Amino acid sequence: MTKTTEMRRCIGSKTFGIEPHEAPTSDFPAQLSQKDGLGRMCKPHWRQYTNALRKAALARKAAQADAPPAEPEPAADPEARAPRRATATTKRERRRTPMAHLPTATEEVGQTIRDVLAE
Ligand SMILES: [Zn+2]
């Protein structure tokens, strides 16, 4: 007739700041995928954990929606390329300055850069 309260380890989640601790098995949700049919976290923490997971997934989706990697919109394209183009221009101008007395060479260099950029 001795029914001691069985304790079970709630694993918590480092990712979401849930401390592991011991809790009565009655505090654990049934989870058939587990060997003993009980979840690895107590009910309140499991709820907290799944909520945090859902929020993280939503945040990830929102971040992807903000910056779609595979669909370059025509309007966003020039903005995305502007910094790169500015850097290239700066470099080209810096290189061009000492060659200012060689207009032909500068022309060739300019043409080469245009060809490279066009590819
Ligand atoms: Zn817990």
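It should be emphasised that the depicted structure is a prediction, and the values quoted were computed from it without experimental measurement. (Residues numbered from 1 in each chain as written. Predicted model: local features only at pLDDT ≥ 70, side-chain atom pairs only at ≥ 80, totals over all residues.)

A word on the overall build of the protein
Argument step 1. If you tally the helices and strands in the protein, you get three helices and two strands.
Argument step 2. The helix and strand sequence of the protein, counted from the amino end, reads β-β-α-α-α.
Argument step 3. A burial count over the protein gives 6% of its 119 residues as buried.
Argument step 4. Taking the contacts inside the protein whose residues are at least 6 apart along the sequence as the reference set, 26% of them involve residues at least 24 apart. (Helix = DSSP H or I, 4+ residues; strand = E, 2+ residues; numbered from the N terminus. Buried ≥ 20, exposed ≤ 12 C-beta atoms within 10 Å, placed from the backbone. Contact = placed C-beta atoms within 7 Å.)

Considering the confidence of the model for the protein
Argument step 1. For the protein, per-residue confidence averages 79 on the pLDDT scale, and residues scoring 70 or more make up 61% of the total.
Argument step 2. Confidence scores differ between elements of the protein, with helix α2 (residues 77-96) showing the lowest mean pLDDT of 57 and strand β2 (residues 21-24) the highest of 97. (pLDDT = per-residue confidence, 0-100.)

Notes on the environment of A56
Argument step 1. Assignment of secondary structure puts A56 in helix α1 (residues 43-66).
Argument step 2. For A56, a count of 12 C-beta atoms within 10 Å puts it in the exposed group.
Argument step 3. Sequence-wise, A56 and F16 are 40 residues apart; in three dimensions their C-alpha atoms are separated by 10.0 Å.

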